[in-house]
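# Coordinates in review
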Amino acid sequence: MWKDLTREWQMTFELTWEAFKRGSIPIGAMIFDEDGNVLSAGRNHMGETIVPNHRTAHAETLCVRDLDTAKYNDYRHYHLYTTMEPCPMCMGVIVMGGIRNIHVAAKDKYCGALHYLDYDPYMRDKQIQVWMDAPEMASVQIVQQCYHENRRYSGGDSLVFKKIGEDYPREVALGNELFAKRYLDRCAEENMPYSQVYDAILLRLKK
């Protein structure tokens, strides 16, 4: 439940709700130092026009891009939190940006690129540490993700659903169900605090 999340994860997941309300993919990313201070934050902007090519406006890429390395230069000891497994583009930016600690909420069998750390010689040599944290966080992220995918591919026929559903079938089903009722859209219209949205999703999964 929301109260069980660390402060770092609560802040990162709050960004997913902001992205959702703006029509973008609900993914958030943040960078913290070893004392838990916020150094940079990014959320997905693919439904907006923050950059000329909105397809590159991913949470992790924007988060690493905005890290002020002149001010925060101990980046190899910083921790990046992301609610969804980074894609190939974001993995490249994370590695080239010097980040060596990654916390991930949910796996992404569609375009996740953590496996590059095992098979790419350059990335493997960087000895990046990866933490896959509490499964409940993955569940909430996938429900939100699938809800958003329904906005673009109503009916659940996209490859995204098929691949992610191999790991998270119940979550995909709930995402489809909530979209049919437009539940999260109503939550956004009512300006419901994200902590309540998070817990509501988990409670529905536990039924």
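About the cut-offs
- Residues numbered from 1 in each chain as written.
- Predicted model: local features only at pLDDT ≥ 70, side-chain atom pairs only at ≥ 80, totals over all residues.
- Heavy atoms only, no water.
- Helix = DSSP H or I, 4+ residues; strand = E, 2+ residues; numbered from the N terminus.
- Contact = heavy atoms within 4.5 Å.
- Areas by Shrake-Rupley, 256 points an atom, 1.4 Å probe, with all protein chains shown as cover.
- Lys, Arg positive; Asp, Glu negative; His and termini not counted.
- Charge placed at Lys NZ, Arg CZ, Asp CG, Glu CD.
- Pairing = 2+ DSSP bridges.
- Phe/Tyr/Trp six-rings, centres within 6.5 Å; stacked < 30°, edge-to-face > 60°.
- Buried < 20%, exposed > 50% of the residue type's maximum accessible area, 1.4 Å probe, protein only.
- 1 Å grid on protein atoms, 1.4 Å probe; cavity = no way out; pocket = protein on both sides within 12 Å on 5 of 7 lines; lining within 4 Å.
- Points joined across faces, edges and corners; volume = space filled by probe spheres on them.
- Axes fitted to C-alpha atoms, helices over the stretch in contact; angles between N-to-C directions.

### Topic: the overall build of the protein
A count of helices and strands for the protein gives 10 helices and 5 strands. Seen through its C-alpha atoms, the protein measures out along the principal axes to roughly 45 × 35 × 35 Å. A separation of at least 24 residues holds for 65% of the contacts in the protein among residues at least 6 apart in sequence. Of the roughly 10,000 Å² of accessible surface on the protein, a fraction of 49% belongs to carbon and sulfur atoms. Distance from the positive charge centre (25 side chains) to the negative charge centre (29 side chains) of the protein: 4 Å.

### Here's the deal with the pairing of strand 2 (residues 38–43)
Strand direction decides the pairing type here: strand 1 (residues 28–32) and strand 2, joined by 5 bridges, are antiparallel. Across the sheet, the residue bridging to A29 is G42, located in strand 2.

### Examining the packing of aromatic side chains
If you walk through the whole model with that rule in mind, you get 11 aromatic pairs. Residues W2 and Y198 carry aromatic rings whose centres are separated by 5.4 Å and whose planes lie at 70° to one another, so their mutual orientation is edge-to-face. On the criterion of sequence distance, the pair formed by W2 in the segment before helix 1 (7–21) and Y198 in helix 10 (residues 194–205) is long-range, its members being 196 residues apart. Judged by its relative accessible area of 11%, W2 is buried.

### Structural notes on the layout of surface pockets
Unoccupied space between atoms shows up once a probe the size of one water molecule is rolled over them. Computed from the structure, the largest pocket encloses a volume of approximately 430 Å³. Lining of the largest pocket is provided by 23 residues; of these, I25, M46, H58, Y110 and C111 occupy positions nearest its centre. At the level of secondary structure, the elements contributing two or more residues to the lining of the largest pocket comprise helix 6 (135–152) and helix 7 (159–165).

### With respect to the sheet that holds strand 4 (residues 101–104)
Ordered in space as 2-1-3-4-5, the 5 strands form an open sheet in which the pairing is mixed. Each of the sheet's edge strands pairs with one partner strand only, and the pair in question is strand 2 and strand 5 (129–132). Across the sheet, the axes of successive neighbouring strands diverge by a mean angle of 15°, strand direction being ignored. Bridge count between strand 1 and strand 3 (residues 79–82): 4 bridges; the pairing is antiparallel. Within strand 3, the residue paired with F32 across the bridge is H79.

### What about the environment of T83?
For T83, the position within the fold is in the loop between strand 3 and helix 3 (88–96). Judged by relative accessible area, which is 0%, T83 ranks as buried. For the pair T83 and A138, spaced 55 residues apart in sequence, the C-alpha to C-alpha distance is 7.6 Å.

### Some words on unusual backbone geometry
Positive phi, normally seen in glycine, also occurs at Q127, with a value near 50°. Along the polypeptide, Q127 turns up in the loop between helix 5 (121–125) and strand 5. Overall, Q127 belongs to the exposed group, its relative accessible area being 62%. The phi angle at N191 is positive, at roughly 55°, despite the residue not being glycine. As for its placement among the helices and strands, N191 is situated in the loop between helix 9 (183–189) and helix 10.

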